[in-house]
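# Structural features, examined
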Amino acid sequence: MGQTITQVDAFTNIPFAGNPAAVCVLPTPQEERWMQNVAQEMNLSETAFLIRQDDGFNLRWFTPTVEVPLCGHATLASAHVLWSEGHLSPNEVARFHTKSGVLIAKLQGEWIELDFPANHSQETVAPQELKAALGIPYKSVFLNSLGYLVELESEDLVRQIQPNFQILKTLPTSEIIVTSLTHPDSEYDFVSRFFAPGLGIDEDPVTGAAHCCLAPFWRDRLHKDKLLAYQASSRGGVVKVDYNGGDRVFLSGQAVTVMRGELITA
């Protein structure tokens, strides 16, 4: 019997938007090489692999080239699959054991809430290579464990930026969040984009891990615990952010299944 694999669009409620992830709920453990091969074959920004354990599920995330320690949209997609395919009942909490600790997901109506670690940023001096790669003016540059967080002057610049990915790859960290406040008449509080050529992803459509950094960054500036964010990739996605200044941030998004198939071997 083959291994079922489900493709889910996360941080959206319509197909072909948000961030696609593949999800495999495994009956037995598989070798890391096999999981990396599946992720390469799927060629999505992330493929998630779950296996049930006594108090939840072990969860690992792979890009087409590497395993990563944290991925928001593939966690959201994984939780969606557990509830929609009957692995958990709607009133059960999804509990994930990961390289970033225990992560919790709760189904709240049409939204899924993720309990993630907050990621704080420290202001830094931008290297010349980063300035060259961005090619546009910026207000300030910060550094966190994910990478650089760059505040731009306007929403228009966030939407228009076209980084030089070859230069980005030469930096000690090539993961870059760009962000700004939105236009005054927008329904969103802030906008962002995320580039990660070093992980094999020039631009990630919607990024939960980036919003773990953006939550404390914008709370400090807007003095609001609850924020509504838009990631302005070509696919676009919406993230509800709830952060009260502690060490955890709550991210909420929607998800929709777009494809289900079977791997020939597992």
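What counts, and where the lines are drawn
- Residues numbered from 1 in each chain as written.
- Predicted model: local features only at pLDDT ≥ 70, side-chain atom pairs only at ≥ 80, totals over all residues.
- Heavy atoms only, no water.
- 1 Å grid on protein atoms, 1.4 Å probe; cavity = no way out; pocket = protein on both sides within 12 Å on 5 of 7 lines; lining within 4 Å.
- Points joined across faces, edges and corners; volume = space filled by probe spheres on them.
- Helix = DSSP H or I, 4+ residues; strand = E, 2+ residues; numbered from the N terminus.
- Domains from an automatic or database assignment.
- Contact = heavy atoms within 4.5 Å.
- Buried area = accessible area lost by both parts, 1.4 Å probe.
- Polar contact = N/O pair within 3.5 Å; in protein donor to acceptor, adjacent residues only side chain to side chain.
- Nonpolar A, V, L, I, M, F, W, Y, C, P; charged D, E, K, R; others polar.

### Overview of the layout of surface pockets
- Approximately 370 Å³ is the volume attributed to the largest pocket.
- What lines the largest pocket is a set of 21 residues, among which Pro-69, Leu-70, Cys-71, Leu-146 and Ala-209 lie closest to the centre.
- When contributions to the lining of the largest pocket are tallied by element, the ones reaching two or more residues are helix 2 (72–84), strand 14 (201–204) and helix 6 (208–222).
- By residue number, the principal contributor to the lining of the largest pocket is helix 6, which donates 3 residues.
- Each of domain 1 (3–116 + 253–263) and domain 2 (122–246) contributes no fewer than three residues to the lining of the largest pocket.

### Some details on the domain arrangement of the protein
- Split by domain assignment, the protein resolves into domain 1 (3–116 + 253–263) and domain 2 (122–246).
- The C-alpha centroid of domain 2 is placed 24 Å from the C-alpha centroid of domain 1.
- At the interface, 19 residues of domain 1 touch 15 residues of domain 2.
- Both sides together, the interface formed by domain 1 and domain 2 hides about 1300 Å², and carbon and sulfur atoms give 61% of it.
- Where domain 1 meets domain 2, there are 10 residue pairs in polar contact (both at pLDDT 80 or more).
- Only strand 2 (19–26), helix 2 and strand 8 (111–117) provide two or more residues apiece to the side of domain 1 that touches domain 2.
- Considered class by class, the residues forming the side of domain 1 that touches domain 2 number 9 nonpolar, 8 polar and 2 charged.

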